[in-house]
Amino acid sequence: MKQVYRLFRRHKAALLLTLLCCIGTVSVTILWNSELAKIINGVQDGTGFGFEQIKGCVVLLLFGSVLQGGMYFFSAYLGEYAAHDLRMCLAHVTVKKPYSVIAKENAGEHISSQQNEMEEINQYISDNLFTLCFTMINFVFTLAFMLMRNAELTLLYTAPVIFLTLYTTMSSKVIYRYTRQEQEQVKKMNGVTGTLLLLFPVIRIYEAEKLLRQNYYESIEAWKTASVAQERVKARLMSLSGMLACLPLVLLLLAGGTMVVQGTFSIGMLYVFVNLSGNVSGVLINLSTHQASFRRFCGNLDRVWESIDREGGSENEYPVARD
């Protein structure tokens, strides 16, 4: 987490605005569902609904759209600037290296490793990091709302999610192990490719194409085997996870419907529970996947920062972008 904070500490204003927009969007969503429950209950008991309720829902809808748009804008702005800072830091220390140090390194494997790490960091920042932040805020606020409305139904609904969370945790570890094997094969294959390009004139002189071509084909075949094994395991484990994910919703409809028939729970609030249930169960079921992705991101980020610190000296020397 320290390295993640270091990545965004130059852009605190944009980070604060992004978090405020996330919290505002979640709050408006909960208010919108509460108003919708009142309208459904009014239709059920015959009292109907008035113009003021419709106007309030429209205002909430517009306000939520503005907040959501702001969240996407500030998160994209913050992510791009943070990724730019990191790229410039890495480029700065790379060009500062003396030739004697560069000559001792395996250029193909070293550059390939840095490119892969930076590509994964950039992709995670732009696609997953702020989405994960919004998802966790949504989970906390939604769970608190559901507990305040009906703690018994909420606990009954979330009980099977604990089993699903344990299952996804175990399956994510298996998937992560296969993913690591596939990444290692990609790294080796890129290293062989870099060596072939670097030594191409020498290879032609000594007519070593057949020998090295065979080595290259073997690295491709090893990557292919690891990639196919990863996708097969992922498909099997994720298919079962998808089937089990329906269990909490079935229990919610069964228990909630019984409460509605008994008159202890309103049909409007049951609709809200069903509508917001994915914000709770989805996070818990995919918690291990989010955790594995975040750990992978932190690992790549740590290695890049270590490389920068080892070669570049003070962080204030870096030519980074500013707000």
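Computed from a predicted model, the values in this text were never measured in an experiment. (Residues numbered from 1 in each chain as written. Predicted model: local features only at pLDDT ≥ 70, side-chain atom pairs only at ≥ 80, totals over all residues. Heavy atoms only, no water.)

This brings us to the confidence of the model for the protein. Across the protein, the average pLDDT comes to 76, with 74% of residues at 70 or higher. The model gives residues 313–317 a pLDDT under 50, and that stretch makes 10 contacts with residues more than four places away or in other chains. In the predicted structure, residues 319–323 sits below a pLDDT of 50 and forms 16 contacts with residues beyond four places in sequence or in another chain. (pLDDT = per-residue confidence, 0-100. Contact = heavy atoms within 4.5 Å.)

Below, the discussion takes up a nonpolar patch on the surface. Residues Val 43, Phe 49, Ile 54, Val 58 and Leu 62 make up a contiguous nonpolar surface patch of roughly 450 Å² in combined accessible area. Looking at which element gives the most residues to the nonpolar patch, the answer is helix α3 (residues 51–96), with 3 residues. Counting through the fold element by element, Ile 54 comes out in helix α3. (Patch = residues over 30% accessible without salt bridge, like charges linked within 9 Å, V, L, I, M, F, W, Y side chains within 5 Å. Areas by Shrake-Rupley, 256 points an atom, 1.4 Å probe, with all protein chains shown as cover. Salt bridge = Lys/Arg side-chain N within 4 Å of Asp/Glu carboxyl O. Helix = DSSP H or I, 4+ residues; strand = E, 2+ residues; numbered from the N terminus.)

With that settled, the discussion passes to helix α2 (residues 12–45). With 34 residues, α2 ought to run about 50 Å at 1.5 Å a step, and its terminal C-alpha atoms sit 50 Å apart, in line with that. Backbone geometry just downstream of α2 places Gly 46 in the positive-phi region, at approximately 90 degrees. (Expected span 1.5 Å × (residues − 1).)

To continue, consider the nonpolar core. Core analysis: the biggest nonpolar cluster contains 24 residues, and Phe 145, Met 146, Leu 153, Phe 265, Met 269, Val 272 and Phe 273 have the highest contact counts within it. Of all the secondary structure elements, the ones that give two or more residues to this core are α2, α5 (107–149), α6 (151–198), α9 (247–262) and α10 (267–285). A per-element tally of this core places α10 first, with 7 residues. The residues contacting Phe 145, other than those within four sequence positions of it, are Ile 30, Ser 34, Met 269, Val 272 and Leu 276. With 23 residues, the next largest nonpolar core counts Leu 7, Phe 297, Trp 305 and Ile 308 among its residues. (Core = buried A, V, L, I, M, F, W, Y, C linked by side-chain atoms within 4.5 Å. Buried < 20%, exposed > 50% of the residue type's maximum accessible area, 1.4 Å probe, protein only.)

Turning to α9, a few remarks are in order. For α9, with 16 residues, the first-to-last C-alpha span of 23 Å sits near the 22 Å given by 1.5 Å per residue. For α9, the set of buried residues is Pro 248, Leu 252, Ala 255, Gly 256 and Met 259. Along the long axis of α9, the arc covered by the buried residues comes to 95 degrees, so they all point the same way. Away from the buried face of α9 by more than 90 degrees, exposed residues Val 250, Leu 254 and Val 261 are located. Positive backbone phi, at 85 degrees, marks Gly 263, one or two positions downstream of α9. (Arc of directions from axis to C-beta.)

Turning next to the environment of Gln 185. Mapped onto the secondary structure, Gln 185 falls in helix α6. Overall, the relative accessible area of 19% leaves Gln 185 in the buried class. Along the backbone, Gln 185 and Lys 224 are 39 residues apart, and their C-alpha atoms lie at a distance of 8.7 Å. Every residue in contact with Gln 185, bar those within four places of it in the chain, is listed here: Ala 222, Trp 223 and Ala 226.

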